[in-house]
Amino acid sequence: MNKVIMYTGPMCAFCNAAKALLKSKNVNFTEYNIAEDPSKMDEMLKKSGGARTVPQIFIGETHVGGNDQLQALEREGKLNELLKS
């Protein structure tokens, strides 16, 4: 299974929705809260091409984007394949 990394922020409903979806699929992920570790914000900005919103989700080498994009992958039936590859 591909490694999943999620950059999050405090009191973020979109972050919570993304985490809930991944947890419902029993997917382990690494979470970096950019408010607690500001160095992770710089890392997120570099990896995402400058995206400043949270969450920013990466599955393997693929930058998924935010919660909306993650949920769309699930609706389209593409998330499981991305997680496996």
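These numbers were taken from a predicted model, which means no experiment stands behind them. (Residues numbered from 1 in each chain as written. Predicted model: local features only at pLDDT ≥ 70, side-chain atom pairs only at ≥ 80, totals over all residues. Heavy atoms only, no water.)

J.: Could you give me a rundown of the pattern of salt bridges, with the residues and numbers involved?
T.: For the coordinates displayed, the defined rule picks out 4 salt bridges. The partner of Glu43 in a salt bridge is Lys40, with the nearest N and O atoms 3.2 Å apart. On the criterion of helical spacing, the pair formed by Glu43 and Lys40 is a turn pair, its members being 3 residues apart in helix H2 (residues 38-48). Overall, Glu43 belongs to the partly exposed group, its relative accessible area being 28%. Residue Lys78 pairs with Glu76 through a salt bridge whose shortest N-O separation is 3.6 Å. According to the relative accessible area criterion, Lys78 is partly exposed, its value standing at 47%. Its relative accessible area of 48% is what places Glu76 among the partly exposed residues. (Salt bridge = Lys/Arg side-chain N within 4 Å of Asp/Glu carboxyl O. Helix = DSSP H or I, 4+ residues; strand = E, 2+ residues; numbered from the N terminus. Buried < 20%, exposed > 50% of the residue type's maximum accessible area, 1.4 Å probe, protein only.)

J.: Can you explain unusual backbone geometry? Please cite residues and give values.
T.: Of the consecutive residues Val54 and Pro55, the connecting peptide bond is found in the cis state with omega at 0°. Looking at the secondary structure, you find Pro55 in the loop between H2 and strand E3 (56-59). For Met11, which is not a glycine, the phi torsion comes out positive at approximately 50°. Inspection of the secondary structure assignment puts Met11 in the loop between strand E1 (4-8) and helix H1 (13-24). Overall, the relative accessible area of 87% leaves Met11 in the exposed class.

J.: Quick one: what's the story with the packing of aromatic side chains, residue by residue and with numbers?
T.: Inspection of every chain in the model, using the stated rule, returns 2 aromatic pairs. With a centroid separation of 5.5 Å and 35° between ring planes, the pair formed by Tyr7 and Tyr32 is classed as tilted. Of this pair, Tyr7 sits in strand E1 while Tyr32 sits in strand E2 (residues 30-33), placing them 25 residues apart in sequence. For Tyr7, a relative accessible area of 0% puts it in the buried group. Pairing Tyr7 with Phe58 gives two aromatic rings, centres 5.9 Å apart and planes at 85°, and the pair type is edge-to-face. You can see Tyr7 sitting in strand E1 and its partner Phe58 sitting in strand E3, a full 51 residues away along the chain. Phe58 shares its class with Tyr7; the two are buried. (Phe/Tyr/Trp six-rings, centres within 6.5 Å; stacked < 30°, edge-to-face > 60°.)

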